Amino acid sequence: MSSDFRKRVLLADPRGFCAGVDRAVAAVERALERHGPPVYVRKEIVHNRSVVERLRASGVVFVEEVDDLPEGALVIFSAHGVSPDVRAAAAARGLRTIDATCPLVTKVHNEAKRFARDDYDILLVGHTGHEEVEGTAGEAPRHVQLVDGPDSVDRLHVRDERKVVWLSQTTLSVDETLETVRRLRRRFPDLADPPSDDICYATQNRQVAVKALAPHCDLVLVVGSPNSSNSVRLVEVARDAGAGAARLIDTARAMDPTWLDGVWTVGLTSGASVPEVLVRDVLILLGEYGFDDVHTVTTASETLVFAAPRELREL
Ligand code: SF4
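Residues numbered from 1 in each chain as written. Predicted model: local features only at pLDDT ≥ 70, side-chain atom pairs only at ≥ 80, totals over all residues.

The name that an unreviewed UniProt entry assigns to the protein chain is 4-hydroxy-3-methylbut-2-enyl diphosphate reductase, with the source organism given as Nocardia tenerifensis.

J.: It is not clear to me how the site of the ligand should be interpreted in this structure. Could you clarify?
T.: As a matter of local geometry, the ligand sits amid 15 residues, with Cys 18, Gly 20, Cys 102, Thr 170 and Cys 200 nearest to it. Listing elements by their share of the shell around the ligand, those giving two or more residues are helix 1 (19–35), helix 4 (103–117) and helix 7 (201–213). In terms of residue class, the shell around the ligand is made up of 10 nonpolar, five polar and no charged. (Near = placed C-beta within 6 Å. Helix = DSSP H or I, 4+ residues; strand = E, 2+ residues; numbered from the N terminus. Nonpolar A, V, L, I, M, F, W, Y, C, P; charged D, E, K, R; others polar.)

J.: Got a minute to help me understand the sheet that holds strand 7 (residues 144–147) in this structure?
T.: Pairing is parallel across the open sheet formed by three strands, whose spatial order is 7-6-8. Of all the strands in the sheet, the pair left with one neighbour each is strand 7 and strand 8 (164–168). Strand-to-strand twist in this sheet, taken as the mean axis angle between neighbours without regard to direction, amounts to 30 degrees. Pairing between strand 6 (residues 121–125) and strand 8: five bridges, direction parallel. Each bridged residue has a counterpart across the sheet, and for Leu 124 the counterpart in strand 8 is Leu 167. (Pairing = 2+ DSSP bridges. Axes fitted to C-alpha atoms, helices over the stretch in contact; angles between N-to-C directions.)

J.: Would you take a moment to explain the packing of helix 7 against helix 8 (residues 229–240) for this structure?
T.: A pair of packed helices is captured by two measures, namely the crossing angle of their axes and the spacing between those axes. Running from N to C, helix 7 and helix 8 point in directions that differ by 30 degrees, and their axes come no closer than 9 Å. One way to sum up the angle between helix 7 and helix 8 is to call them roughly parallel. You can see that helix 7 and helix 8 cross each other, and the crossing is right-handed. Judged by residue contacts, Thr 203, Arg 206, Gln 207, Val 210 and Lys 211 of helix 7 engage Asn 230, Arg 233, Leu 234, Val 237 and Ala 238 from helix 8. Broken down by class, the residue content of the contact of helix 7 with helix 8 amounts to four nonpolar, three polar and three charged. (Parallel < 35°, antiparallel > 145°, perpendicular 65-115°, else oblique. Left-handed = near helix turned anticlockwise from the far one by under 90°. Contact = placed C-beta atoms within 7 Å.)

J.: I tried to follow the sheet that holds strand 10 (residues 246–249) on my own but got confused; where do I start?
T.: Sheets are built from strands that pair by backbone hydrogen bonding, the pairs being arranged parallel or antiparallel. Ordered in space as 10-9-11-1-12, the five strands form an open sheet in which the pairing is parallel. Sheet topology places strand 10 and strand 12 (293–298) at the edges, where each strand pairs with a single neighbour. Put simply, the sheet's adjacent strands are angled 25 degrees from each other on average, direction ignored. Set on the sheet, helix 8 makes contact with strand 9 (219–223), strand 10 and strand 11 (265–270); between it and strand 10 the angle comes to about 165 degrees.

This is how it looks when you write it as structure tokens:
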């Protein structure tokens, strides 16, 4: 596909850790330093296998729910957020909690609460079963309906077509969400928009960067775990933007060298929960196969940093 005779890598920038993931992982590390193990985390703190395994080795215990934790235990809520029911269950057991929910997820929770208070039907665009969606829907279960892609629009029923708003999961494909919203608006012309973008800056920036390099690539590698929504979206975006092929790999070990047959240009990026060291490992491996000409494709500069969770600042 490429006419360049030197094998090269186009490296997306921005890529990797976002401000919300950085904050959540740092919160767990600080809690461990201050309290010592075991520190409990409800669900995966962020959707990345390497991060979870490293923290587990340091004494973090990941649990599915808070119900079985010993009274007084310290539990951290993950970056994806929790519903009020989970907070109530933790309080009922007398657990100490640190809330590492990304502030940009909390923003969507607050929108859901506000529109529910005003008695809107809330159409939440997102993926069935994703923890973030469960947390957001849990803020207003009687008002929220999940819209999992454009094809689910026809199945919706609302009470008053003049009082309908759409909100979304923070890690969706921007283009697919626009398509879903177009379909929603065709059915509900008075559909209200969220007060500001729900798809977060990090998701959008990583998609813009991969879109810029994908048309020039025979293969795009996205470093990320299969349960990471924003990483999986990057693979889809790369394919849609014209990459010869696009694959998700958790680590360099998952790369199959036969993928490089006939390839001259590899695009490389990583999801918002992926530590940079995993990208470096892939670069080293690509170098061993002759891909040692690395160009960075920069489409945005990110400077956002979130303050630590309130409970850690107060300690
Ligand atoms: S991907 Fe976006 S919403 Fe999710 S933790 Fe990162 S900044 Fe927050």
